[in-house]
Structures are given as C-alpha cells and as structure tokens.
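# Observations on chain architecture
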Amino acid sequence: MKLGIVGLPNVGKSTLFNAITRAGAEAANYPFCTIEPNVGVVSVPDERLDKLAEIYNPEKYTPAVVEFVDIAGLVAGASKGEGLGNKFLSNIRECDAIVHVVRCFDDSNVVHVNGSADPARDIETIDVELILSDLEIMEKRVERTKKLLRGGDKKLQAELDCYEKIVEVLAEGKSARTIEFTEDELEFTSDLQLISMKPVLYCANIAEDDIKNPDIPYVHTVEEIAKNEGSGVVVISAKIEEELGQLDPEDRQVFLDDLGIESAGLDKMIQASYKLLGLISFLTAGPKEVRAWTIKNGTKAPQAAGKIHSDFERGFIRAEVVAYDDLMACGSYNAAKEKGLVRSEGKEYVMHDGDVVVFRFNV
C-alpha cells in the first residue's frame, strides 16, 4: 500500500512524515522545503502477529508494510506548473490513496501560505488542482479516442462515452471519485491513474493543546466535507506524533497514557487507510517465519496464495485455515486441529481478516 501525503505548504506534512517514518525529512517554517518526494516504509502494527511470534518463536518476523510518500506542498496554479506543480502531481498518480493533511489550528508563529487556517478553502484549493490536472489529461484522451474512432474502430464508442462523461464531471469542478461507473466503464478507467479518483483520507492536524478537545470547529468542517464525499478522517497532532516517534515503545505507551490517547496517529492512519482501500490481512505462522499478508477484502484462497508465490496459486490444492481467535484460544495449531477448528477450504473460499493459513499446492 502506497499513500501519498499531500496538502498546502506548512500544514504539517513533513512533520507528520518524519514522525511516522522517522526518516528525517527536512521540515522547516517556509513553503517548498520538500523538493523531492521523501519515501518511507513503515511496518503495520498488528498485535496478532506479536502473539503468534510468542507461540512460534520464529527465525523471521515480517509484518505488512505501508509506503508513505511525502509530496511537496501544492498551491493554487499547481496544475499549470505554479510552485513545483506538475512534477509533484505525477508523484501522486503513483499512489494507491491520498492522505490529505489539513491544518486545523491557528499559530502566528507558523506561516500559512494563505495567511490563515481555513480547512474548507484549503481542501478546495488542493481539490481544484487535482481536478484540473485530471481534466487536462482526459481532454487529451478524448481527442485521441475521437481520432481513432474516425479511423473506423467503432468499438471505441463506449470508451469515448465514458471519457466524455468524466470530462463533463471534472469540468463542473467535481472529483472523478464522485462518478458512479458501470463495470464496463471501470475497465476503461483502470489505466488512467486519475488523481481525483483515488480514495482520500483527510488528516486533520490539530494543535498539541487540543489533543483532548473533541469540539474543534475546524475539525468539524473537515469531517463534514469527508462525509459528503465518502472519504475517511483521522484527527492527529503532527507535533505529538513527532515526539512519539523519538521514544522507544515502552516510553511511547507511557506518553500516550499520560495524554489519555488510546493509540498513536500512525496506527489510526493505517487502520483508516486499510478500511478506505478495502484491505485485510491474512497470516502465515511457523518456526521459520511469522508473517502478515495484505489482500483486498473478497479475495479468494488461490489468489491469496498467489501473494506468497505464483506457484502457490498455479498449483493450488486447498487452504488449511484456522481463525486467529480460535488458534489463540487453543494455544497451538495442533490443538486447534484436534478440536476440529482447522478447516480445509477450496478454490471458492473467500479469505477473512485474521485467517491463519497453510496453503497446499502441487506444481
């Protein structure tokens, strides 16, 4: 999973990125301090994997990972090259989803590119640039498809209709993700890499002092916008996350307890991102390795096996599955098997989050 962190300059993107990846990206109180996109890979926190490791004491422990890309602050006119625009818009196209950091605090010591915090205006500024960038691409695609259609390839009419439908919505200032596509149309859009079609997780960045305050008007504005477009929201303080990122796990938990926070912002972001993208994890466990694998919700057993190795999918025989909770209640795989809790599943089995699996195959 690759998440692109976007937002206006000076909203806390690089501070947040540093905190969650501890990558040391430059963060400064002036616009465009991020010139090249910083990339950081972080492990997905998963207590289930920790518990399995206690049972198996494996040689190798491999959690699922998320790749975060810190993209330079976008400004009005980015789609036309303003700021450092087009280059960074192309970076966003390569991501699975967008984490849109929105400044939800006032601080005269931290310069805001537009003079003051205004979540609705700031979100609209970014959205307009993403939409305009997509509109330029789609208008070119429409013209190219029309030329091919004039050449006699009548099969392209449905494709052209789909593209023109997208252009019409974008021209109205609406994101492509607001469009309801048919299954056939989704095939036409699969290679477009439209930014405004990507799922969005809004990250409402609040002040340290507001961390225990549930009633922040700026945050309510972000939540209302997210609700209207079916996007996700997490509320974090980038400064607190930065402090957490410098602590070891034990001290981190003490710090969270002192603040009265159940979980770190990174954990909330990853959980929300999984939900947004419709992702789940299945687990494999043994003395050699305990590992989490990320798949789309609804994936069948052979395709899940293919995540491990293509031979597993090609020669799939069956999946021996035990639910994580059942395995932990029994204390071992063999004990779960004796109680009849290890199931033999075939090619049509749809994987569930937390399935502990052994795949049988023959190539």
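Here goes a summary of the coordinates provided. Since the model is a prediction, treat every value here as computed from it, not as a measurement.

Further remarks concern unusual backbone geometry. Phi at Asn57 is positive, roughly 45°, even though this residue is not glycine. With respect to the helices and strands, Asn57 occurs in the loop between helix H2 (47-56) and strand E3 (60-62). A relative accessible area of 64% places Asn57 in the exposed class.

What follows concerns the nonpolar core. Of all hydrophobic cores here, the largest spans 62 residues; its most connected members are Leu16, Leu52, Phe68, Ile92, Val99, Cys203 and Met269. Broken down by element, the residue count for this core peaks at six residues, all from helix H10 (residues 265-277). Judged by nonpolar contacts, the second largest core, of 19 residues, contains Val142, Tyr163, Phe181 and Leu194.

For strand E6 (residues 200-205), a buried count of six out of six residues is recorded, marking the element as mostly surrounded by other parts of the structure. Residues Val200, Tyr202 and Ala204 point to one face of E6 and Leu201, Cys203 and Asn205 to the other, with burial holding for every one of them. As defined by bridge partners, strand E5 (residues 97-103) adjoins E6 across six bridges and the pair is classed as parallel. Bridge pairing in E6 links His100 to Tyr202. Here E6 runs beside strand E7 (residues 232-236); their pairing, made up of five bridges, is parallel. Looking across to E7, one finds that Tyr202 is bridged to Val233.

Where helix H4 (residues 119-150) meets helix H5 (residues 157-171), the axes come as close as 9 Å, and the angle between the chain directions of the two elements is 155°. By the angle class used here, H4 and H5 are roughly antiparallel. The two elements H4 and H5 cross, and the hand of that crossing is left-handed. Taking contact as the criterion, the partners of Ile131, Asp134, Leu135, Met138, Glu139, Arg141, Val142, Thr145, Lys146 and Leu149 in H4 are, on H5, Gln157, Leu160, Tyr163, Glu164, Ile166, Val167, Leu170 and Ala171.

With that out of the way, let us pick up the sheet that holds E6. Pairing in this open sheet of six strands is mixed, and the strands run E2-E4-E1-E5-E6-E7 from one edge to the other. Each end of this open sheet is capped by a strand with a single partner; those strands are strand E2 (38-43) and E7. Across the sheet, the mean angle from the axis of one strand to that of its neighbour is 25°, orientation sign disregarded.

Glancing now at helix H1 (residues 13-21). Counting buried residues in H1 gives nine out of nine residues, a clear majority hidden from the surface. Regarding H1, the residues found buried are Lys13, Ser14, Thr15, Leu16, Phe17, Asn18, Ala19, Ile20 and Thr21.

What counts, and at which threshold
- Residues numbered from 1 in each chain as written.
- Predicted model: local features only at pLDDT ≥ 70, side-chain atom pairs only at ≥ 80, totals over all residues.
- Heavy atoms only, no water.
- Helix = DSSP H or I, 4+ residues; strand = E, 2+ residues; numbered from the N terminus.
- Buried < 20%, exposed > 50% of the residue type's maximum accessible area, 1.4 Å probe, protein only.
- Core = buried A, V, L, I, M, F, W, Y, C linked by side-chain atoms within 4.5 Å.
- Pairing = 2+ DSSP bridges.
- Axes fitted to C-alpha atoms, helices over the stretch in contact; angles between N-to-C directions.
- Parallel < 35°, antiparallel > 145°, perpendicular 65-115°, else oblique.
- Left-handed = near helix turned anticlockwise from the far one by under 90°.
- Contact = heavy atoms within 4.5 Å.

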